[in-house]
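Understanding the architecture of this molecule
Take a look at the letters that make up each chain.
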2 protein chains.
Amino acid sequence: MSSLAIAVFDSGLGGLTVLKVLRDHFPGENFVYLGDTARLPYGSKSPETIHKYAKRNIDFLLKTKIKAVVVACNSASAALRSHPVAAPVPVFEVIQPGAEAALAATKTGQIGVVGTFATVSQGAYAKCITSLSAEVTVHSQACPLLVPLVEEGWIDDPLTNLVVNRYVGPLLNKGIDTLILGCTHYPILKKNFRKVTGPDIQLIDSGEAIAHKLQRAIAHGSVAPNTGGRGSFQILTTDKTARFAEIAAYLLGEQNIPTVEVVDV
Amino acid sequence: MSSLAIAVFDSGLGGLTVLKVLRDHFPGENFVYLGDTARLPYGSKSPETIHKYAKRNIDFLLKTKIKAVVVACNSASAALRSHPVAAPVPVFEVIQPGAEAALAATKTGQIGVVGTFATVSQGAYAKCITSLSAEVTVHSQACPLLVPLVEEGWIDDPLTNLVVNRYVGPLLNKGIDTLILGCTHYPILKKNFRKVTGPDIQLIDSGEAIAHKLQRAIAHGSVAPNTGGRGSFQILTTDKTARFAEIAAYLLGEQNIPTVEVVDV
């Protein structure tokens, strides 16, 4: 067993949806979360720049005592899949688990993907899914407005439903039966997506998918579990961001979260 | 006279609306434009981080041959007003010219300001306007979704009108007769603002206001003019951004723009 922390990073707040799922699945583990808020968002930037930021985050996290890194950002995962970085601990990205979950869910073989501009333009999910199965078709749609809508807090909002509908409508017209929410912010809009898709479309959530991956890694021994009681977590950001702690508490579903610490990455 | 360039910088594309106005007013001048696309947007970040980025841009631009710096970003201008940086050439920011133009325009003394979260939360316009006149009231509204809507290209779009209406409606209810478009992206949405405000509200555009300021600086001799024929311009960005050249050409109203050069700032 190992009490070392599992590091989770994202460009900002979105990855906290992944942290929440991981804490629910692994209540005994210690986590350290890094939100690169000084450089967010990643999704509108070039693969080279995203890769540079992701590598910097990983290097920073490796200097703390950790046993694994979870890249809880689809844009960063896409950039790292193209150019993996060497690390002395396992690095988990969100694309492959999401792709596998979508393949397990689809019956018609028509899979939709929504994500940031960076994730979609790199074709990360499409490449991964078609490498696993030649019998499916992937329809992708970049949704640059969804992250700002979440950050603005317009969640239970008809205007957000209109925006989701404009992005998802064309995918529905293509006959998808499964939709990958390919950005860690999107699970926060699950109800909006559900309103637009109706009940019959399977929605794939990166957080759940990566939790299963981590579960298998622990079962296979590549990540040592912590069985020593209740785990803790720590939140780091690269910029002092107004309302970060408040929104973090909301996303994690916890009233008392540790003080958010600003670090220079 | 001086053929040295006037440097203009912004976090991204928005400042090109200022560059366009400056080129229209000063066709003989040479310009160098820097868009800090690797770190955009500034408007959601902390004053300290925005200041750090702005200072880095100014230091970079000072290493090229320039005779003035125009800070064509309201968030950066707000941060620099609180903590000015020393520079061997005049540095022009957008807040003061916009504030002066609004004061000259208002009859009721009720002035509205729309801007990014950073500009509004620093109270940059409110502080500047009330320091110039005690007889006006400033009503501010942060509009975090407008920049992403412009970047998404949803400009002539009823959905964007809905968003503008949600932000501006409460300001209209307060009886404003003048509205400062306190972000360089917003002039691109002038028609949307006009649709929401009706014809009787004065819309103040930062680009126009700063051009008048520069005109006075040239008249007073603090910036030497270039009278040697047709001026040129150069565009630099800190990230290779898809569609930047295309949108730049649109914003500048010119078909042939110079190749966008990526620099490490």
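A brief report on the enclosed structure follows.

About the criteria used
Residues numbered from 1 in each chain as written. Chains lettered and ligands numbered in written order. Predicted model: local features only at pLDDT ≥ 70, side-chain atom pairs only at ≥ 80, totals over all residues. Heavy atoms only, no water. Helix = DSSP H or I, 4+ residues; strand = E, 2+ residues; numbered from the N terminus. Buried < 20%, exposed > 50% of the residue type's maximum accessible area, 1.4 Å probe, protein only. Salt bridge = Lys/Arg side-chain N within 4 Å of Asp/Glu carboxyl O. Axes fitted to C-alpha atoms, helices over the stretch in contact; angles between N-to-C directions. Parallel < 35°, antiparallel > 145°, perpendicular 65-115°, else oblique. Left-handed = near helix turned anticlockwise from the far one by under 90°. Contact = heavy atoms within 4.5 Å. Nonpolar A, V, L, I, M, F, W, Y, C, P; charged D, E, K, R; others polar. Least-squares fit on C-alpha atoms with pLDDT ≥ 70 in both. Pairing = 2+ DSSP bridges. Buried area = accessible area lost by both parts, 1.4 Å probe. Polar contact = N/O pair within 3.5 Å; in protein donor to acceptor, adjacent residues only side chain to side chain. Phe/Tyr/Trp six-rings, centres within 6.5 Å; stacked < 30°, edge-to-face > 60°. Lys NZ or Arg CZ within 6 Å of the ring centre and 35° of its normal. Core = buried A, V, L, I, M, F, W, Y, C linked by side-chain atoms within 4.5 Å.

With that settled, the discussion passes to the environment of K107 of chain A. Residue and element names in this part refer to chain A. Here K107 is to be found in the loop between α4 (95–105) and β5 (110–115). A residue is classified by how much of its surface remains accessible, and K107, at 77% relative accessible area, is exposed. Linking K107 and I58, residues 49 residues apart in sequence, is a C-alpha distance of 37 Å.

Residue and element names in this part refer to chain A. For the structure on display, the rule yields 22 salt bridges over all chains. With a shortest N-O distance of 2.9 Å, E254 and R23 are connected by a salt bridge. Linking E254 in the loop between α11 (244–252) and β10 (261–262) with R23 in helix α1 (residues 16–25), this pair joins segments that are 231 residues apart in sequence. Relative accessible area serves as the criterion here: at 23%, E254 is assigned to the partly exposed category. Overall, the relative accessible area of 9% leaves R23 in the buried class.

Another aspect to go through is the packing of α1 of chain A against α11 of chain A. Residues and elements named next belong to chain A. Across the interface, α1 lies against α11 with an axial gap of 9 Å and an inter-helix angle of 40°. Between α1 and α11, the interaxial angle falls into the category oblique. Handedness of the α1/α11 crossing: right-handed. On the side of α1, the interface is formed by L16, L19 and K20, while α11 contributes F244, A248, L251 and L252.

As a further point, take the packing of α1 of chain A against helix α10 (residues 206–219) of chain A. The description of two packed helices rests on the angle between their axes and on the distance between the axes. Residue and element names in this part refer to chain A. It is the contact of α1 with α10, at a shortest axis distance of 9 Å, that shows an interaxial angle of 40°. One element, α1, and the other, α10, form an angle in the oblique class. Where α1 crosses over α10, the handedness of that crossing is right-handed. Listed contacts from α10 to V18, V21, L22 and H25 of α1 are G207, E208, I210, A211, H212, L214 and Q215. Its residues assigned to classes, the contact of α1 with α10 shows six nonpolar, four polar and one charged.

Take unusual backbone geometry next. Here the bond from L40 of chain A into P41 of chain A is cis, since omega is -10°, no more than 30 degrees from zero. Tracing the backbone through its elements, the reader meets P41 of chain A in the loop between β2 (31–35) and α2 (47–62).

Take the relation of the copies chain A and chain B next. Note on the copies: chain A fits chain B at an RMSD of 0.0 Å, the axial shift is 0.0 Å, and the rotation between them is 180°. Such a turn and shift between the copies fits a two-fold axis. Relative to the rotation axis, the C-alpha of R39 of chain A is the closest in chain A, positioned 2.6 Å from it. Of all interface residues in chain A, 100% are interface residues in chain B too; the two copies therefore contact each other through one and the same surface.

In this section: the sheet that holds β5 of chain A. Strand pairing in a sheet relies on backbone hydrogen bonds, with the paired strands running either antiparallel or parallel. All names here are of chain A. Pairing is parallel across the open sheet formed by four strands, whose spatial order is β6-β5-β7-β8. The open sheet has two edge strands, β6 (137–142) and β8 (202–205), and neither has a second partner. The sheet shows a mean angle of 20° between the axes of neighbouring strands, direction not considered. Pairing geometry for β5 and β6, over six bridges, is parallel. Each residue of the ladder has a partner; that of V113, found in β6, is S140. The strands that helix α6 (residues 124–132) touches are β5, β6 and β7 (178–182); relative to β7, the one it contacts most, it runs at about 130°.

Residue and element names in this part refer to chain B. Here we have four strands laid out as an open sheet, ordered β6-β5-β7-β8, and parallel in their pairing. Two strands bound the open sheet, and with one partner strand each, they are β6 (137–142) and β8 (202–205). Shown here is a sheet whose adjacent strand axes are inclined to one another by a mean of 20°, direction ignored. With five bridges connecting them, strand β5 (residues 110–115) and strand β7 (residues 178–182) associate as parallel partners. By the bridge assignment, G115 is partnered in β7 with G182. Strands in contact with helix α10 (residues 206–219) are β7 and β8; relative to β8, the strand with the most contacts, it is inclined by about 60°.

Here we come to the interface of chain A and chain B. Each side of the interface is counted separately: chain A has 30 residues, and chain B has 30 residues. Both sides of the chain A and chain B interface together cover about 2,400 Å² of buried area, and 59% of this is carbon and sulfur. At the junction of chain A and chain B, the tally comes to four salt bridges. With its nearest N and O atoms 2.5 Å apart, the salt bridge here joins D157 of chain A to R166 of chain B. Between chain A and chain B we count twelve residue pairs in polar contact (both at pLDDT 80 or more) in total.

To continue, consider the side chain of T37 of chain B. When you line up the elements, T37 of chain B lands in the loop between β2 (31–35) and α2 (47–62). Its relative accessible area of 3% is what places T37 of chain B among the buried residues.

This structure, assessed with the given rule, holds six aromatic pairs over all chains. Ring geometry for Y42 of chain B and Y53 of chain B: centres 5.8 Å apart, planes at 40°, overall tilted. Highlighted residues: Y42 of chain B in the loop between β2 and α2 and Y53 of chain B in helix α2, separated in sequence by eleven residues. Seen in terms of ring centroids, Y186 of chain B and F193 of chain B are 6.0 Å apart; in terms of plane orientation they differ by 40°. Their pairing is tilted. Side by side, Y186 of chain B and F193 of chain B carry an identical accessibility label, which is buried. Just above the ring of Y53 of chain A sits the side chain of R39 of chain A; from NZ or CZ to the centre is 5.5 Å. Over the ring of W154 of chain A we find R166 of chain B, and its NZ or CZ is 4.5 Å from the ring centre.

Counting residues in hydrophobic clusters, the biggest one holds 144 residues, and the most contacted among them are F193 of chain A together with F193 of chain B. Aside from chain neighbours lying at most four places away, what touches F193 of chain B is V114, L146, V164, V168, L179, L181, Y186 and L203 of chain B.

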